[in-house]
Amino acid sequence: MRPEDSIEKLIKNINIDTNAKIDDKVLGEVVEAFEKSKVKKTSATEQNIGRVIMKSPITKLAAAVVIIIACLTGLFLWKNTGSGIALADVLTKIEQVTGYRYQLSSTITRQQTSRDWTSTVFISRDNSMKMVAKMVDPNNGEIKHEDTYFLPQQNSIIFVMHEPKAYIRLKFDDNEMENYREKYNDPRIIIKHILSCDHTSLGQSVIDGITVEGFQTRDLAYNGGFVGHADLRGQADKVDVKIWVDINTFLPVRSEEDIVTKKGTRLYEVSSDFKWNVVLDAADFEPDIPDDYTLEVDLTVPPLNEETAIKGLRIFADLAGDYPDNFDRSTINKETKRLIRLEKDSLKHLTNDERSRRRDQLVEDKKETAYYGETVGPDDTNKVLLRWKLDNGQYRVIFGDLSIKNVTPEELAELEKP
Amino acid sequence: MIEDKLLIWRLKRGSSNALCRIYKKYKGNLLRLAASLLSDTSAAEDIVHDFFVSFAQSPEKIKLDGSLKSYLATCIVNRVRNANKTRQRQETTGLNKAESTVSNSKRPEQWIIDSEQLRQLNDALAQLPEQQREVIILHLQGGMKFKAIAELQGVSINTVQSRYRYGLDRLRSILDSEVKL
């Protein structure tokens, strides 16, 4: 008799020849069943980095990675603010109020699809913020309610999503918390950004019976907060930002932002109905989370530094099999969706023009940043994955295997030789 | 492993590409597994087909504790068990007795049995007690570990290992006797 291992081998080798046509037919039926039963997708995948709804450890991980990379990108692209006179006084005045609230109306249009939402925003003196938003899902017209709590005392941001009865808690370190605050487009942030750009006076006019003075910037360098709209950052094709200030109180009465990116995404946002010196106490910013809501994500976002960025890249590579193709904000946003959707096939989306344009953008920022995620993988130990210029004239280089080294310009040229 | 987790994740997010990939990746294994357990390729095809339709209809129910391969294998085994029970009931009541005969004669052209040896093996497998056959097939064809099979069968690992060992002994014995004949 044959030895036992031969029997085992034979059993392993038993095979069945299937008919390819029948296979295709069966697969077709399976896919059809899938499509029929598919639950309507929520708009979660369209949401921003901060609002990524994460239901599995993998998504949490992905979100962490994306946040790390996005923050790192922010470092490269961050622009300093300047200073002005009249508007600077407005800023000072706002800092003196005890608390305020206002209405925010937003419309974002992407590829001829518009998404609208209205929010009531509450801001306290200690910069706690609550945003109670109502939005209309453009896919199905459903109305969704979402509350956002920005809690600097706890270094956390909490998103409460009422329809799915879920909430998300993100925790940050101090620096990251401040970065996030900059992304919330309250009047202080708008004014800061206007001050950093070329701006003009619109003269005096009357709004709701109040005499106001208007200020406007059309500077393409305007880089507003736009929380939730990472793809609005970077190069803009059109900027028209206005703010009107009460000439007596020096406090804003209305602001309008109309931004169109080079890719055609448009944000139109109006802040109005300001109520200044509103009494707001800690209880007003206590997250109102009913008992039957599920904590979907409780994520501590690691502090931004070289180490965590590299760790993020490593996790990203483990998850997605390679590094992100590109490293600017727009691409990071796409990469977020890539991780969320994990549709690798659709990733071959960037045209050569887009790629070169994005590199140009990085160069314009004069950080001499370069990222070679398209061609460099985790096995490329001696190839430059990412590099940027240091103040001492040298370059900080992260290699494909995620090792780091400072090199001289000459050494870099050698490393980057084709 | 990570690819499978990502596939499931994508599937739950509505990706039909992920579904196709899972189907193409595991369909052969599962069909082989079902056919070996049932010794009936036609019934095995039905089971795998029905399983994938059901799998596609409710991806949200998928909960992976281990590998996707083991999960799918477990689902198929459960369906095979149900099919066997149905078949036994039919045999008991005298229904479809001819149809339910353990045999590969239904569509023999589908078995890639390129030798008499494999044909004998298939017949011998069909003669094993169901639990022993299940352990052997799940371990050797399904790639499942004894621990996972033990959980599936609701017995200890030692019992599974014993069934495996006794099953192989029995197979050897059956095949030996066939050779002598």
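Rules and cut-offs
Residues numbered from 1 in each chain as written. Chains lettered and ligands numbered in written order. Predicted model: local features only at pLDDT ≥ 70, side-chain atom pairs only at ≥ 80, totals over all residues. Heavy atoms only, no water. Helix = DSSP H or I, 4+ residues; strand = E, 2+ residues; numbered from the N terminus. Buried < 20%, exposed > 50% of the residue type's maximum accessible area, 1.4 Å probe, protein only. Contact = heavy atoms within 4.5 Å. Areas by Shrake-Rupley, 256 points an atom, 1.4 Å probe, with all protein chains shown as cover. Core = buried A, V, L, I, M, F, W, Y, C linked by side-chain atoms within 4.5 Å. Pairing = 2+ DSSP bridges. pLDDT = per-residue confidence, 0-100. Salt bridge = Lys/Arg side-chain N within 4 Å of Asp/Glu carboxyl O. Expected span 1.5 Å × (residues − 1). Phe/Tyr/Trp six-rings, centres within 6.5 Å; stacked < 30°, edge-to-face > 60°. Lys NZ or Arg CZ within 6 Å of the ring centre and 35° of its normal.

1. Quick look at the overall build of chain B
Here is step 1: Counting secondary structure elements, chain B contains 8 helices and 0 strands.
Here is step 2: Of the regular secondary structure in chain B, the N- to C-terminal order runs α-α-α-α-α-α-α-α.
Here is step 3: When the 181 residues of chain B are sorted by exposure, 48% land in the buried category.
Here is step 4: When contacts within chain B are restricted to residue pairs at least 6 apart in sequence, those whose partners lie at least 24 apart make up 64%.
Here is step 5: Within the structure as shown, chain B displays about 8700 Å² of accessible surface, and the carbon and sulfur contribution to it stands at 48%.

2. A few points about the nonpolar core
Here is step 1: Formed by 62 residues in total, the largest nonpolar core has its most connected members in B:Ile22, B:Phe55 and B:Leu171.
Here is step 2: Take this core: its biggest share by element is 13 residues, from helix H2 (residues 16-38) of chain B.
Here is step 3: Filtering out sequence-adjacent residues up to four positions away, B:Leu171 remains in contact with A:Ile7, A:Ile11, B:Leu121, B:Ala124, B:Leu125, B:Leu128 and B:Ile136.
Here is step 4: Residues A:Leu91, A:Ile94, A:Phe150 and A:Ala166 belong to the second largest nonpolar core, which totals 37 residues.

3. Some details on the pairing of strand E5 (residues 156-161) of chain A
Strand residues, when the strand is regular, have side chains that alternate between the two faces of the sheet.
All names here are of chain A.
Here is step 1: Of all 6 residues in E5, 6 are buried, a share of seventy percent or more.
Here is step 2: Burial along E5 is two-sided: Ser156, Ile158 and Val160 facing one way and Ile157, Phe159 and Met161 facing the other are all buried.
Here is step 3: Here strand E4 (residues 143-151) hands over to E5 after 4 residues, with Asn155 in that stretch at a positive phi of 50°.

4. Overview of the confidence of the model for chain A
Here is step 1: On average, residues of chain A carry a pLDDT of 71, and 62% of them reach 70 or more.
Here is step 2: Within the model, pLDDT remains below 50 along residues 39-61 of chain A, and this stretch shows 61 contacts once partners closer than five positions in the same chain are excluded.

5. As for the pattern of salt bridges
Residue and element names in this part refer to chain A.
Here is step 1: In this structure the tally under the stated criterion is 9 salt bridges over all chains.
Here is step 2: A salt bridge links Arg266 to Asp258, with the shortest nitrogen-to-oxygen separation between them at 2.8 Å.
Here is step 3: Given the relative accessible area of 35%, Arg266 is considered partly exposed.
Here is step 4: A salt bridge links Lys275 to Asp273; its shortest N-O distance comes to 3.4 Å.
Here is step 5: By relative accessible area, Asp273 is classed as partly exposed at 42%.
Here is step 6: When salt bridges with common partners are traced through the structure, they connect Lys238, Asp258 and Arg266 into a single cluster.

6. A short note on helix H3 (residues 41-57) of chain B
Residues and elements named next belong to chain B.
Here is step 1: With 17 residues, H3 should cover 24 Å at 1.5 Å per step; its first-to-last C-alpha distance of 24 Å lies within 8% of that length.
Here is step 2: Among the 17 residues in H3, 12 count as buried, and that is most of the element.
Here is step 3: Among all positions in H3, only Thr41, Ser42, Ala44, Glu45, Ile47, Val48, His49, Phe51, Phe52, Val53, Phe55 and Ala56 are buried.

7. Some remarks on the packing of aromatic side chains
Here is step 1: Summed over the entire model, instances satisfying the criterion amount to 9 aromatic pairs over all chains.
Here is step 2: When the centroid spacing of 4.9 Å and the interplanar angle of 25° are considered together, the rings of A:Tyr102 and A:Phe274 count as stacked. Here A:Tyr102 is found in strand E1 (residues 99-110), whereas its partner A:Phe274 is found in strand E11 (residues 266-276), with 172 residues between them in sequence.
Here is step 3: Residue A:Phe274 is classed as buried on the basis of its relative accessible area of 11%.
Here is step 4: Taken together, a centroid distance of 5.2 Å and an interplanar angle of 5° make the contact between A:Phe274 and A:Trp276 stacked. For the pair A:Phe274 and A:Trp276, a shared accessibility class is recorded, and that class is buried.
Here is step 5: Cluster of aromatic residues (ring-pair linked, three or more members): A:Tyr100, A:Tyr102, A:Phe274 and A:Trp276.
Here is step 6: A cation sits over an aromatic face here: A:Lys130 above A:Phe122, 5.2 Å from the ring centre.
Here is step 7: When the ring centre of B:Tyr166 is taken as reference, the NZ or CZ atom of B:Arg165 above it lies at 5.8 Å.

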